[in-house]
Amino acid sequence: MPIDTHRGASVFPQLEDVLPLVNKPIQYVGGEINARGKDWEATTVRWALMYPDAYEVGAPNQGVQILYEVLNEIVDVLAERTYAVWPDLEVLMRKRGIPQFTVDCHRSIRDFDVLGISFSTELGYTNMLTALDLAEIPIHAADRDDSHPFVIAGGHAAFNPEPIADFLDAAVLGDGEEAVLLITDHLRTWSGEGRPGGRTELLRRLARTGSVYVPAFYDVEYLDDGRIRRVTPRDPDIPWRVSKHTLMDLDAWPYPKNPLVPLAETVHERMSVEIFRGCTRGCRFCQAGMITRPVRERSITGIAAMVDQGLCATGYEEVGLLSLSSADHSEIADIARGLADRYEGSETSLSLPSTRVDAFNVDLANELSRNGRRSGLTFAPEGGSERMRRVINKMVTEEDLIRTVTTAYAAGWRHVKLYFMCGLPTETDEDVLQIASLAREVIKAGRAASGRSDIKCTVSIGGFVPKPHTPFQWAAQLDHVSTDARLHALRDAIRADRSYGKSIGLRYHDGKPGIVEGLLSRGDRRVARIIECAWRDGARFDGWSEHFSFDRWMAAADQALASEPVDVDWFTTRERDRTEVLPWDHLDSGLDSEWLWQDWQDSLSEVAVDDCRWTPCFDCGVCDQMGTSIEIGPTGVTELPMPRVGAGA
Amino acid sequence: MKRTPDRTVAPVAQRVRLEYAKRGRLRFSSHRDFQRALERAIRRAGIPIAFSAGFSPHPRISYANSAPTGTASEAEYVELAFTETLDPAWVRESLDASLPEGFDVLRVVQATPPDLAGRLQASLWRIALPGVAPSVAEAAAECLLGLETAEVSRMTKSGMRTFDARGPVVSLVVEPQESEDGCAILHVVVRHVTPSVRPDDVLSALRNVADLMPPAPPRVTRLAQGPFDPRTGSVGDPFAPDVVAESASQH
């Protein structure tokens, strides 16, 4: 069969021949309910949206689903999705010359105007390089010409895109809904004018808006000791700083309206409705909470309508109410009761990612599981000792925790999961060992409250990675040897407990992947060489333990940084001082640097900060800088609107 | 403390049987992929499916003998229980519209005894071998059919198993002309035995006994499955008793 090679042609005929040879071929065929396939010729701006991980992780991603729908709603715009292919398929694609393709219409991503990549984590960077390379798009932005798509990064990791700056044409900080429309408008206009000035001209127009970061327009100079001297725009019309985007009225953007229902099994077999965006709890380790301020709630009526519409459109049997801390919605009690009433008897279950440690959270979980099984509840004290929790500003006392789990076990929950972190600033061995005694108290209280001995508590603990735009951006990351030693001491302490140890489960990962994540999180442009080197050596799917190789990354770093005065430790386990220019200082998350530094100092003095939703403003800088404000209820509406006939049942 | 669910389950009012096809790119779906797709299609269509009792209620759907991942089919079967009595023609239309394209509902009948699983005794498979001349395939088929047994090995859930792939093969016919896209076309009737002999096992046997190795992956479609007639060696319609009962009730 002759191979169709015009722009936008489907590569499915070639792909079809190799699919019988790979694992789980269904993930590559598309065909999801609510997927769109638009006519290539009838559109003027064409986006390929990539989630740089396996389909099973990427397909449920809300960010990609939202932008996919927002873009496809515009008549002359087409958006398709692409995900990282597993190494078994990659080998066959290279052998047969099959390019990285979209799952919607199986077009080469090289044919699109824009490749938008959503980075929830830095561990997707190597997968981006694989995708570009498979599509024969030069991995370095400097080598691309007018025939190549613009490669634009978004997502939380894009708040420090410097380690991948060489590979990107642009990056967008913050909420994507309006940003993709801005880029689309500029692209359409520039194309309509006959693409004057080539790709540099479009990038210049985008950069001038002050809300699209084009790394090539900025020079980075270094001091002799390896620190950054300064980052300067190359031309007078390029702004010194680039600002994040903030979507203010969530009710005006009820996306995804028609969530995708994949054929392949994914990590989230449910529909999600985002009930608010942002969080001002002020946990100092939490990048998401810092970079998504201020809090913007969706109204109770908006949430109810999205749940109803989404269930009708998908047939899902479970709805998750999504946010950074769902119990904090100002109307959550009415929402939970209203939804539980509405879907009672319809075999539709509701879930709330429950991490807040208080009895109210248990009440909510009880409401949502009225007739179902009460298996596990999750809480995140994060720090093992009360001192540690003051340092990270997670204000939970041991009494709070015991009271909460007592309520949970008494209400019939059998299993409580507790999340912690290891390697937090100022942490000692003793802080981590206190997790064991805390878990023991939890079991003791649970046995008393439930009258049963078969209740369980699972402790999940991960290594802390300091992130940009947080008060801990200056902190030293704990080296992996010390992290592992603390985790092993904790494991031994739990095992040695004869009366309670058997009821306590411990889940942890070793500290090595955290060091690579730390390198990629707080790295600068020199880290790009390490990424490229590791990728050329075979690094793929670095978030998957079966694919991750610490030694490969360290060898790549040795090679790539050989002529530099810096090394992996310099990027990770070194504490920064107030005067150091950080690689992301020219990228504006709205947070005032002075406030962040003060919060870091408060942390070291174990001083807590309240939540600005219920107290006066602490001048973190976001609302002033971004012209935004806290948008919360209550709206006064407590009754949910009537569902549509036949909804979900 | 509550330990048992205080839920009542609506009784079953009707059982129907579904015949569906798995076509095109959806042939790459697994059995579990179809299960999820069907359950969600039922909910989208608002069909009153019955649920099991207990803490984890499941929709009452019985699956039978589904075609392997990567294999297309024109003859797949499931049985559904409803809490209301519905017109089978309406069920066919609404489920077909609700399922993704490629899972196509062909027929829906009211279920009558005996049970469906017992009626699925043999399958007729169409195997297209790209780049293989019909004469070559014919010679390989003759070679296999001339043997009493032909052992093959396949990785199963319980490890590598070796079994006879020749015995259950009732007939293996090669079309004299190659297809438009240059494939030899085989029609194979295989009786359902344990462990089941699948089309890829027959192809393994052809490779073992006659070195038949197509240069590209074969395309396999189940054309029929149903009661086996030992007299004619053919596969019948598993819905025949239900269709008879239905027309009797209408007269």
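Residues numbered from 1 in each chain as written. Chains lettered and ligands numbered in written order. Predicted model: local features only at pLDDT ≥ 70, side-chain atom pairs only at ≥ 80, totals over all residues. Heavy atoms only, no water.

## Topic: the side chain of E19(B)
Residue and element names in this part refer to chain B.
- Structurally, the position occupied by E19 is in strand β1 (residues 14–22).
- Within polar-contact distance, the side chain of E19 engages the side chain of Y77 at 2.6 Å.
- Setting aside residues up to four positions removed in sequence, E19 forms contacts with E76, Y77, D104, V105, L106, R107 and F239. (Helix = DSSP H or I, 4+ residues; strand = E, 2+ residues; numbered from the N terminus. Polar contact = N/O pair within 3.5 Å; in protein donor to acceptor, adjacent residues only side chain to side chain. Contact = heavy atoms within 4.5 Å.)

## Here we look at the packing of helix α3 (residues 134–145) of chain B against helix α4 (residues 199–210) of chain B
Residue and element names in this part refer to chain B.
- For the pair α3 and α4, interaxial distance at closest approach is 9 Å and the crossing angle is 90 degrees. When the interaxial angle is binned, α3 and α4 end up roughly perpendicular. Contacts between α3 and α4 involve A140, A141, C143 and L144 on the former and, on the latter, V202, A205, L206, V209 and A210.
- A breakdown of the residues in the contact of α3 with α4 according to their chemical character gives nine nonpolar, no polar and no charged. (Axes fitted to C-alpha atoms, helices over the stretch in contact; angles between N-to-C directions. Parallel < 35°, antiparallel > 145°, perpendicular 65-115°, else oblique. Nonpolar A, V, L, I, M, F, W, Y, C, P; charged D, E, K, R; others polar.)

## A look at the domain arrangement of chain B
Residue and element names in this part refer to chain B.
- According to the domain assignment, chain B contains domain 1 (14–118) and domain 2 (121–235).
- Using C-alpha coordinates to define each centre, domain 1 is positioned 27 Å away from domain 2.
- Between domain 1 and domain 2, the contact holds 13 residues from the first and eleven residues from the second.
- For the pairing of domain 1 and domain 2, the buried interface totals around 910 Å² over both sides, and the portion due to carbon and sulfur atoms is 47%. (Domains from an automatic or database assignment. Buried area = accessible area lost by both parts, 1.4 Å probe.)

## A few points about the pattern of salt bridges
- If you walk through the whole model with that rule in mind, you get 78 salt bridges over all chains.
- With a shortest N-O distance of 3.0 Å, E16(A) and R27(B) are connected by a salt bridge. Taken together, the residues span two chains, with E16(A) in helix α1 (residues 12–18) and R27(B) in the loop between β1 and α1 (31–45). Exposure class is identical for E16(A) and R27(B). Each is buried.
- Note that R578(A) is salt-bridged to E594(A), the shortest N-O span being 3.1 Å. Of this pair, R578(A) sits in the loop between α19 (568–572) and β18 (587–588) while E594(A) sits in helix α20 (residues 593–604); the two residues are 16 residues apart in sequence, bridging distant segments of the chain.
- R578(A) gets classed as partly exposed once you look at its relative accessible area, which sits at 30%.
- On the basis of relative accessibility, which here comes to 46%, the residue E594(A) falls in the partly exposed class.
- Connected via shared salt-bridge partners are E265(A), E269(A), E317(A), R32(B), D33(B), R36(B) and R40(B). (Salt bridge = Lys/Arg side-chain N within 4 Å of Asp/Glu carboxyl O. Buried < 20%, exposed > 50% of the residue type's maximum accessible area, 1.4 Å probe, protein only.)

## Here we look at the packing of helix α6 (residues 177–192) of chain A against helix α7 (residues 198–208) of chain A
Residues and elements named next belong to chain A.
- Running from N to C, α6 and α7 point in directions that differ by 140 degrees, and their axes come no closer than 10 Å. By the angle class used here, α6 and α7 are oblique. Here α6 runs over α7; the crossing is right-handed. Residues I183, H186, L187, T189 and W190 of α6 pack against G198, R199, E201, L202, R205 and L206 of α7.
- In terms of residue class, the contact of α6 with α7 is built from five nonpolar, three polar and three charged. (Left-handed = near helix turned anticlockwise from the far one by under 90°.)

## Here we look at a nonpolar patch on the surface
- Taken together, W614(A), I630(A) and I632(A) make up a surface patch of nonpolar side chains, about 270 Å² in accessible area.
- Overall, I632(A) belongs to the partly exposed group, its relative accessible area being 34%. (Patch = residues over 30% accessible without salt bridge, like charges linked within 9 Å, V, L, I, M, F, W, Y side chains within 5 Å. Areas by Shrake-Rupley, 256 points an atom, 1.4 Å probe, with all protein chains shown as cover.)

## Considerations on the interface of chain A and chain B
- Counting residues at the interface gives 40 residues for chain A and 30 residues for chain B.
- There are eight salt bridges connecting chain A and chain B.
- With a shortest N-O distance of 3.1 Å, R40(B) and E317(A) are connected by a salt bridge.
- For the pair chain A and chain B, the number of links is twelve residue pairs in polar contact (both at pLDDT 80 or more).
- Taken together, the elements giving at least two residues each to the side of chain A that touches chain B come down to α1 and α9 (300–314) of chain A.

## Quick notes on the nonpolar core
- In this structure, W47(A), W553(A), L38(B), L80(B) and L95(B) are the most contacted members of the largest nonpolar core, which totals 166 residues.
- With seven residues, the top contributor of residues to this core is helix α17 (residues 527–536) of chain A.
- Listed in part, the 31 residues of the second largest apolar core include V357(A), C422(A), V442(A) and C457(A). (Core = buried A, V, L, I, M, F, W, Y, C linked by side-chain atoms within 4.5 Å.)

## Remarks on the domain arrangement of chain A
Residues and elements named next belong to chain A.
- The domain boundaries assigned to chain A delineate domain 1 (12–221) and domain 2 (270–526 + 564–626).
- On a C-alpha basis, the centres of domain 1 and domain 2 stand 31 Å from each other.
- Listed by partner, the interface residues are 22 residues for domain 1 and 26 residues for domain 2.
- Between domain 1 and domain 2, a total of about 2000 Å² is buried, with carbon and sulfur atoms accounting for 55% of that surface.

## As for the pairing of strand β15 (residues 415–422) of chain A
Residues and elements named next belong to chain A.
- Both strand β14 (residues 376–382) and β15 contribute to a ladder of five bridges, which runs parallel. Across the sheet, residue E382 finds its bridge partner in β15, namely F420.
- Bridge count for β15 against strand β16 (residues 456–463) is eight bridges, and the pairing is parallel. Within β16, the position partnered with M421 by the bridge is G462. (Pairing = 2+ DSSP bridges.)

## Thoughts on helix α13 (residues 398–410) of chain A
All names here are of chain A.
- Taking 1.5 Å per residue as the helical rise, α13 with its 13 residues ought to reach 18 Å, and the 18 Å between its terminal C-alpha atoms agrees with that figure.
- Taken together, the buried positions of α13 are occupied by L401, T404, V405, A408 and Y409. For α13, the arc enclosing every buried residue in end-on projection is 130 degrees, short of the 170-degree limit, so these residues lie on one face.
- Against α11 (359–368), β14, β15, α14 (429–450) and β16 lie the buried residues of α13.
- Positive backbone phi, approximately 105 degrees, marks G412, located one or two places after α13. (Expected span 1.5 Å × (residues − 1). Arc of directions from axis to C-beta.)

## Things to note about the side chain of E69(A)
All names here are of chain A.
- Structurally, E69 is set in helix α3 (residues 62–72).
- Despite its burial, E69 remains without a salt bridge, the nearest opposite charge being carried by K257 at 5.6 Å.
- In this structure the side chain of E69 is engaged in a polar contact, spanning 3.0 Å, whose partner is the backbone nitrogen of K257.
- Leave out the neighbours within four places in its chain, and E69 touches Y255, P256, K257 and N258. (Lys, Arg positive; Asp, Glu negative; His and termini not counted.)

## Considerations on the sheet that holds strand β5 (residues 170–171) of chain A
All names here are of chain A.
- Here we have five strands laid out as an open sheet, ordered β2-β1-β3-β4-β5, and parallel in their pairing. A strand with exactly one partner marks an edge of an open sheet, and here the two such strands are β2 (77–83) and β5.
- Sheet analysis places strand β1 (residues 45–51) next to strand β3 (residues 114–118), joined by four bridges and oriented parallel. Bridging across to β3, A48 finds its partner in L115.
- In the packing of α6 onto the sheet, the strands contacted are β1, β2, β3 and β4 (150–154), and the crossing angle to β1 comes to about 145 degrees.

## Description of the packing of aromatic side chains
- Applying the stated criterion across every chain, the model contains 18 aromatic pairs over all chains.
- Plain terms: the ring middles of Y28(A) and F101(A) are 6.3 Å apart, the flat faces sit at 75 degrees to each other, and that makes the pair edge-to-face. Taken together, the positions of Y28(A) in the loop between α1 and β1 and F101(A) in the loop between α4 (87–96) and β3 put the pair 73 residues apart, joining distant regions of the chain. Like Y28(A), the residue F101(A) is buried in the burial classification.
- For the ring pair F541(A) and W544(A), a centre distance of 6.5 Å and an interplane angle of 80 degrees mean the geometry is edge-to-face. Summarising the burial analysis for this pair, F541(A) and W544(A) share the class buried.
- Feature note: the residues Y20(B), F34(B), Y63(B) and F103(B) constitute an aromatic cluster, connected by ring pairs. (Phe/Tyr/Trp six-rings, centres within 6.5 Å; stacked < 30°, edge-to-face > 60°.)

## So, the sheet that holds β14(A)
Residue and element names in this part refer to chain A.
- Strand order across the open sheet formed by four strands is β14-β15-β16-β17, with parallel pairing between neighbours. Two strands close off the open sheet at either side, each with one partner strand: β14 and β17 (504–508). Shown here is a sheet whose adjacent strand axes are inclined to one another by a mean of 20 degrees, direction ignored.
- α13 contacts β14, β15 and β16 of the sheet and is inclined by roughly 150 degrees relative to β15.
- Packed onto the sheet, α14 meets β15, β16 and β17 and runs at close to 160 degrees relative to β16.

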